[in-house]
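# Analysis of the macromolecular model
So the chains spell out like this:
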Amino acid sequence: MFIYLSKKIAIPKDVRLRSLSWNTDQGWIACGGESGMLKVLKLESQPTSNDPKAKGLAAPSNLSMNQTLEGHTGAVECVVWNEVHRKLTTSDDTGLIIVWMLYKGMWYEEMINNRNKSVVRDMKWTSDGQKICIIYEDGAVIVGSVDGNRIWGKELGKVNLSKVCWSPDTGRHILFCTDACEILTYDALGNFVANVPIQGVAEGEQAVEIVGIDWYDGSQGYVDPNAPSLAVAFSNGRIQLMRNEVDEKALIIETGLRISRIKWNCAGTVLAVSGASLPTEAERKALEARQRDGEDKPDGDQPDPDKESNAVQFYTPFGRHLRSLKVPGTGINGLSWEGSGLRIALAVDSFIYFANIRPDYKWGYFGKTLVYAYTKPERSEHCVVFWETKTDERHVKYVKKLVAIRAAGDNCCLVTKTEDGSDQWILILCNAIGTPIDSKYTEVEPINLSMTGHHVVVASEDYVYVWQYRSMLTSADPKGASRIVCLLSGISGAYRGGCSSCSTTR
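To keep things clear, this report deals only with the structure shown in the data block. Here the structure is a predicted model, which means the values were calculated and not measured.

## Here's the deal with the sheet that holds strand β9 (residues 106–114)
Across the sheet, which stays open at both edges, the 4 strands sit in the order β6-β7-β8-β9 with antiparallel pairing between neighbours. Of all the strands in the sheet, just β6 (76–82) and β9 have a single pairing partner and so form its edges. Pairwise comparison of adjacent strand axes, ignoring direction, gives a mean angle of 20 degrees for this sheet. Pairing of β6 with strand β7 (residues 87–92) involves 6 bridges; the strand directions are antiparallel. Bridge pairing in β7 places Val76 opposite Asp92.

Shown next, in the form of structure tokens:
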């Protein structure tokens, strides 16, 4: 995965942004800021150049819409899209809520509401666009329909609410986050169900708050049937990844950030986490040592321990770190994905930054055959297509728990995860029509993978596994030769279910 900043839009009069949301269906970008500032922008979808290189992710994008919406007086803290019915719902720090509608290419005020008792902390539409849930700081909850009618309202008692999230099954459950670091599950009628297990906060840890929650709706399928889709971010820099709201074995990510926003991409394959990063403990100790020696300020090439730097980190659903992006400015107050998942927008101070993303696709080319994989919403497996480019013949296979694809010479290698939970991976050697001709099991995690006309090389953080797959045609060993190398000790041994020269069993 590769990511880079590609565009910056300045907000007039240096108005600081408070919120940002990118409509993944139609491409509108809503941004709210101080003093009632609310804009709807849209980037041109077609490149303006005939250069083939401009038709990719780095294509120039000018604004095709730049409309200022009048109506708010306070800072616009929340902007959410109803993509199904093409509506925009916004709220400011005075408690005013406005629903906007599109008419003849312009946005107009459709409905307005102000409870006049408390401030709106968050609001979310269901994935089908039929219901909206609005939460107030004083614990009041209102669930309304798309036509503006109230479905039900409730006071949750002596709790201060901070975040809300609908379940992906068109809103059968609602999750309410409180300032006391609790997540309450209610059903669609407002009845309490249970508390969500909190596993990202250590026992006895104080003053930790929930700063973000996002639940992928599964609209584009899942990379794995057991892939986590519910992400909860805490002020201590941890993220809790859960398969559902009752998952008691969540994955915990240590981001090292003071987290401000989290958001899944539209396919649920990448979680973006924005925040401010601080220097490490080692850097702080080094500065303290220099100060004890009489140096009041750090050297020019040394980090200032009191200076934060903005960053966006990207993770897989299983918590593996993919990439980090440094962002200028003093704080990231909004993060949103484009519908294609190839760009993100960031609200930073009085600017909107755009970053282009080049994902790691699962594909390979060998002989005259292109092999590639993608997911379908209705199936849990990956659809792997073997396309013979010369005859235009296609052979389709469905593969469970596909991790990677590599190709070289006359074959390709599909890497899959075993389904029995044994923490092993399978290397499957296939021909041009997708027929398996050989396979190997390995306990070396395929963080990196490469293939030549004679070898498949798998590398984890500590080990390298080499499979000389073509030796089965020329060697007396019918199973071919394979070897595992321990990178920590430099010791290698023939691999037959374990590393014979290492004390660690692999």
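## Some remarks on the sheet that holds strand β19 (residues 230–234)
Read across the sheet, 4 strands follow the order β18-β19-β20-β21 without closing on themselves; strand pairing throughout is antiparallel. Each of the sheet's edge strands pairs with one partner strand only, and the pair in question is β18 (210–215) and β21 (251–254). Between one strand and the next, the sheet's axes are offset by a mean angle of 15 degrees, whatever the strand orientation. As paired strands, β18 and β19 are joined by 5 bridges and run antiparallel to one another. Within β19, the residue paired with Ile210 across the bridge is Phe234.

## Focus on the packing of aromatic side chains
By the definition in use, this model includes 13 aromatic pairs. Aromatic side chains Trp28 and Trp81 sit 5.9 Å apart centroid to centroid with 25 degrees between the ring planes, which places their arrangement in the stacked category. Within this pair, whereas Trp28 is found in strand β3 (residues 28–33), its partner Trp81 is found in strand β6, the two being separated by 53 residues in sequence. On the accessibility criterion, Trp28 (5% relative accessible area) is buried. On the accessibility criterion, Trp81 (9% relative accessible area) is buried. On the basis of an interplanar angle of 20 degrees and a centroid distance of 6.4 Å, the ring pair of Tyr372 and Tyr374 is categorised as stacked. You can call Tyr372 partly exposed: its relative accessible area is 26%. In this structure Tyr374 comes out as partly exposed when scored by relative accessible area, which is 36%. Of note, Arg394 hangs over the ring of Trp387, and the distance from its end group to the ring centre comes to 4.6 Å.

## Some thoughts on the environment of Ser274
Here Ser274 is to be found in strand β23 (residues 271–277). Here Ser274 falls in the buried class, since its relative accessible area comes to 0%. Taking C-alpha positions, Ser274 is 7.8 Å from Leu257, a pair spaced 17 residues apart along the chain. Residues contacting Ser274, with those up to four places away along its chain left out, are Leu257, Arg258, Ile259, Ser260, Arg261, Ala311, Val312, Ile332 and Leu335.

## A short note on the pairing of strand β34 (residues 411–417)
The side chains of a regular strand alternate between both faces of the sheet. For β34, the tally of buried residues reaches 6 of 7 residues, placing the bulk of the element in the interior. Where strand β33 (residues 402–408) meets β34, 6 bridges bridge the pair, whose relative direction is antiparallel. In the strand pairing of β34, Ile405 is matched with Leu414. Remark: 2 residues form the turn of the hairpin made by β33 and β34, two consecutive strands paired antiparallel; Gly409 in that turn has positive phi of roughly 60 degrees. Both β34 and strand β35 (residues 425–430) contribute to a ladder of 6 bridges, which runs antiparallel. By the bridge assignment for β35, Cys413 is matched with Leu429.

## Looking at the nonpolar core
By size, the foremost hydrophobic cluster in this structure holds 18 residues, and its most contacted members are Val415, Leu427, Met451, Val456, Val458, Tyr465 and Trp467. Those elements giving two or more residues to this core turn out to be β33, β34, β35, β37 (448–451), β38 (456–459), β39 (463–468) and β40 (481–486). Setting aside its immediate chain neighbours within four residues, Leu427 contacts Cys413, Leu414, Val415, Asp438, Ser439, Lys440, Thr442, Val456, Val458, Tyr465 and Trp467. Formed by 17 residues, the second largest nonpolar core is a distinct cluster that contains Val270, Ala272, Val312 and Ala355.

The rules we used
Residues numbered from 1 in each chain as written. Predicted model: local features only at pLDDT ≥ 70, side-chain atom pairs only at ≥ 80, totals over all residues. Heavy atoms only, no water. Pairing = 2+ DSSP bridges. Helix = DSSP H or I, 4+ residues; strand = E, 2+ residues; numbered from the N terminus. Axes fitted to C-alpha atoms, helices over the stretch in contact; angles between N-to-C directions. Phe/Tyr/Trp six-rings, centres within 6.5 Å; stacked < 30°, edge-to-face > 60°. Buried < 20%, exposed > 50% of the residue type's maximum accessible area, 1.4 Å probe, protein only. Lys NZ or Arg CZ within 6 Å of the ring centre and 35° of its normal. Contact = heavy atoms within 4.5 Å. Core = buried A, V, L, I, M, F, W, Y, C linked by side-chain atoms within 4.5 Å.

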